[in-house]
Amino acid sequence: MSRLSLREAIALALKNNLSVRAAGTQVDEAGGTQVRKRSALEPIVTSAAFANLQDRNLQALGFSFSGVELPLTTGGFGTYDFRVFVQQPVVDRRAYHTYQSSKRQVDAAKLTYQDTRDLIIRQAAGYYLDAEAAAAEVQAGESRVVTSQALEKLAQDQHSAGVATRVDVLRAQVQLQRDQQSLLVAHNNYQTALLVLQRFLGVRPGAPLELAEKLEFRSTAPPEPEQALRTALEARADYRSLRAQREALIEQQKAARDRYLPKLSINGDYGVFGRNFGQMPAIGQIQGTVTFTVFDRDRKGEQKEIASRLQRVEVQIADLERGIEQDLRKAELDLQSAERQVAVTKSGADLAAEELKLSEDRFRSGVTDNIEVITAQSSLQSAQDDYISALARHADARMALARGLGATEQIYEGFLGPK
């Protein structure tokens, strides 16, 4: 049976989860788009080879001389032409801003990929926490069964000694069966939580697995709200991705605006040309071209589209900023509340355990029947369940705060557990 730590669970999730792998392909796709857009600013070199067999009409070409009789056609003749063509854009503002936009889109894709990883870390930690809480319920259930077995034996002994009645024995047996049933449910919930965790981590369901860490209380001091918000806005990959998308759209606006600007390019070719391979002199040309767009109705529509997308992204940025602040404040409130709940429920569990001990002593001394014991057992079970729930809520609040602050891969160690 393999033991799995939280750190190992997160590493498996990042390696195997489909969302992370799909987001990685989007980064590669954006990188390919950037290369394509950059090619509009780089030279294009092509080559061609021609072998021609021609027969030209001299009269159609304008060859005529008074008093001189020329043949109607040249007759068949062959030529060979081997040429290299080069085209180099020199000034193309539209292509330049389109390329700059593609660079911002690559940045946005990388940040989206990082945000996907952060979300997967949050989910993996959540599933691990569910399994930890289920394991804690199993441990508490096993402890209650051991206690019920001891109390059932005590009732049998007291009945044999004539101190207790048969009803006391039956009460103890019913409580023991109730605790055994609760333990079976807890075991099933734990195995189900492990199956869910294994599915998310890409591990074969049902493989032998044991959690290396237990549900424990780890105190975390929440940061100051204003400082936390500044930290989150600088670190949150989803927020930074939207800002990169906005920068890409601004570059697209510039590209659309510059569609009417002149474009300067230099074209040239060089090669050999002749009628036979023995006599093929080198020829070539260099040509500068300035291109103006006189009328382009599409430009106006493109500008309107980009303006609408830019407005949408700016609204999303503003909404996400408010959402991040809300998430941080809620996480801090939940963290403080859960920490107080842990303290209260821990005290309640300790008091319930003490109550059970006193009731057991009173029953052993024959002062009372075991109704007090059964009642104390129920109180202890409820108090232990409350304590486990409070521990789970506190751990979840720490995870939510880590997610809210961003850069989860860098800071989750301090929030979610030791190495």
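Residues numbered from 1 in each chain as written. Predicted model: local features only at pLDDT ≥ 70, side-chain atom pairs only at ≥ 80, totals over all residues. Heavy atoms only, no water.

Asks: Where do I start with the overall build of the protein chain in this structure?
Replies: When helices and strands are counted, the protein chain shows nine helices and six strands. Against the globule reference of 22 Å for 419 residues, the protein chain gives a C-alpha radius of gyration of 39 Å, more extended than a compact globule. Principal-axis analysis of the C-alpha atoms gives the protein chain an extent of 155 × 45 × 35 Å. Looking at the protein chain residue by residue over its 419 residues, the buried ones come to 38%. Counting only contacts in the protein chain whose residues sit at least 6 apart along the sequence, the fraction spanning at least 24 positions is 81%. In the protein chain, 53 positive and 54 negative side-chain charges are present, and the distance between their average locations comes to 7 Å. (Helix = DSSP H or I, 4+ residues; strand = E, 2+ residues; numbered from the N terminus. Rg over C-alpha atoms; globule rule 2.2 N^0.38 Å. Buried < 20%, exposed > 50% of the residue type's maximum accessible area, 1.4 Å probe, protein only. Contact = heavy atoms within 4.5 Å. Lys, Arg positive; Asp, Glu negative; His and termini not counted. Charge placed at Lys NZ, Arg CZ, Asp CG, Glu CD.)

Asks: How should the nonpolar core be read in this particular structure?
Replies: Nonpolar side chains in soluble globular proteins tend to be buried together. Of all hydrophobic cores here, the largest spans 39 residues; its most connected members are Leu4, Tyr128, Leu201, Leu211 and Leu215. Among the elements of the structure, helix H1 (6-16), helix H3 (93-160), helix H4 (166-201), strand S4 (209-211) and helix H8 (371-405) are those that each provide at least two residues to this core. With 13 residues, the single largest contributor to this core is H3. One finds Ala256, Leu310, Leu335 and Leu405 within the second-largest nonpolar core, a separate group that totals 20 residues. (Core = buried A, V, L, I, M, F, W, Y, C linked by side-chain atoms within 4.5 Å.)

Asks: When you look at the confidence of the model for the protein chain in this model, what are you seeing that I'm missing?
Replies: Fine structural detail should not be taken from predicted coordinates in areas where pLDDT scores are low. Mean pLDDT for the protein chain: 89, with 97% of residues reaching 70 or above. No element of the protein chain has a lower mean pLDDT than helix H9 (residues 408-416), which averages 62, and none a higher one than helix H6 (residues 237-257), which averages 94. (pLDDT = per-residue confidence, 0-100.)

Asks: How should I be thinking about the sheet that holds strand S3 (residues 77-91) in this particular structure?
Replies: Sheet strands associate in pairs through backbone hydrogen bonding, adopting either a parallel or an antiparallel arrangement. If you walk across this open sheet you meet the four strands as S2-S3-S5-S6, and the pairing is antiparallel. In this open sheet, the two edge strands, each paired with only one partner strand, are strand S2 (44-54) and strand S6 (282-291). Strand-to-strand twist in this sheet, taken as the mean axis angle between neighbours without regard to direction, amounts to 20°. Both S2 and S3 contribute to a ladder of 11 bridges, which runs antiparallel. If you follow Ala48 over to S3, its bridge partner there is Arg83. (Pairing = 2+ DSSP bridges. Axes fitted to C-alpha atoms, helices over the stretch in contact; angles between N-to-C directions.)

Asks: How should I be thinking about the side chain of Thr116 in this particular structure?
Replies: When you line up the elements, Thr116 lands in helix H3. Judged by relative accessible area, Thr116 falls into the buried class, the value being 15%. Ignoring anything within four residues of it in the chain, the contact list for Thr116 reads Ser19, Val20 and Ala23.

Asks: How should I be thinking about the pattern of salt bridges in this particular structure?
Replies: A side chain with one charge can pair with a side chain of the opposite charge if their charged atoms come near. Enumeration over the complete set of coordinates arrives at 26 salt bridges. Note that Arg122 and Asp396 form a salt bridge whose closest N and O atoms lie 3.3 Å from each other. Separated by 274 residues along the polypeptide, Arg122 in helix H3 and Asp396 in helix H8 bring together distant segments of the chain. By relative accessible area, which is 21% here, Arg122 ends up partly exposed. For Asp396, a relative accessible area of 31% gives the class partly exposed. Its salt-bridge partner being Glu302, residue Arg259 comes within 2.6 Å of it at the nearest N-O pair. Taken as a pair, Arg259 in the loop between H6 and strand S5 (263-274) and Glu302 in helix H7 (residues 298-364) lie far apart in primary sequence, 43 residues in all. It is possible to trace a salt-bridge network through shared partners that takes in Asp115, Arg236, Asp238 and Arg403. (Salt bridge = Lys/Arg side-chain N within 4 Å of Asp/Glu carboxyl O.)

Asks: Please clarify how the pairing of S5 should be interpreted in this entry.
Replies: The two faces of the sheet receive side chains in turn, since in a regular strand these alternate between them. Pairing of S3 with S5, which is carried by 11 bridges, proceeds in the antiparallel orientation. When the bridges of S5 are listed, Phe82 appears paired with Val272. Sheet topology places S5 next to S6; 10 bridges connect them, and they run antiparallel. Looking across to S6, one finds that Tyr270 is bridged to Gly284.

Asks: I keep staring at a nonpolar patch on the surface and nothing clicks. Help me out?
Replies: On the surface, Val90, Val91, Leu264, Ile266, Ile286, Val290 and Phe292 cluster together into a nonpolar patch covering about 650 Å² of accessible area. When residues of the nonpolar patch are traced back to their parent elements, those giving at least two are S3, S5 and S6. (Patch = residues over 30% accessible without salt bridge, like charges linked within 9 Å, V, L, I, M, F, W, Y side chains within 5 Å. Areas by Shrake-Rupley, 256 points an atom, 1.4 Å probe, with all protein chains shown as cover.)

Asks: In this structure, what is going on with the environment of His159? I would like to understand it.
Replies: In this structure, His159 sits in helix H3. His159 gets classed as partly exposed once you look at its relative accessible area, which sits at 32%. Taking C-alpha positions, His159 is 7.2 Å from Val169, a pair spaced 10 residues apart along the chain. If we ignore the near neighbours within four places in the chain, the residues touching His159 are Ala164, Thr165, Arg166 and Val169.

Asks: I keep staring at helix H2 (residues 18-39) and nothing clicks. Help me out?
Replies: Over its 22 residues, H2 runs 32 Å from end to end, which matches the ideal 32 Å to within 8%, given 1.5 Å per residue. Among all positions in H2, only Val20, Ala23, Val27, Ala30 and Gln34 are buried. Buried residues of H2, seen end-on, are gathered within an arc of 70° and therefore sit on one face of the element. Exposed side of H2, more than 90 degrees from the buried face: Leu18, Arg21, Asp28, Glu29 and Arg36 are the residues found there. Taken together, the buried residues of H2 touch H1 and H3. Sitting at the head of H2, Asn17 places a side-chain oxygen 2.9 Å from the backbone nitrogen of Ser19. (Expected span 1.5 Å × (residues − 1). Arc of directions from axis to C-beta. Polar contact = N/O pair within 3.5 Å; in protein donor to acceptor, adjacent residues only side chain to side chain.)

Asks: Could you clarify how one ought to interpret H6 in this entry?
Replies: For H6, with 21 residues, the first-to-last C-alpha span of 30 Å sits near the 30 Å given by 1.5 Å per residue. Where H6 is concerned, the buried positions are Ala237, Asp238, Tyr239, Ser241, Leu242, Ala244, Ala248, Leu249, Glu251, Gln252, Ala255 and Ala256. Lining the buried residues of H6 we find H3, helix H5 (225-235), H7 and H8.

Asks: Quick question: what am I supposed to make of a positive patch on the surface here?
Replies: A cluster of basic side chains, namely Arg36, Lys37, Arg94 and Lys263, defines a positive patch on the protein surface. Mapped onto the secondary structure, Lys37 falls in helix H2. For Lys37, a relative accessible area of 35% gives the class partly exposed.

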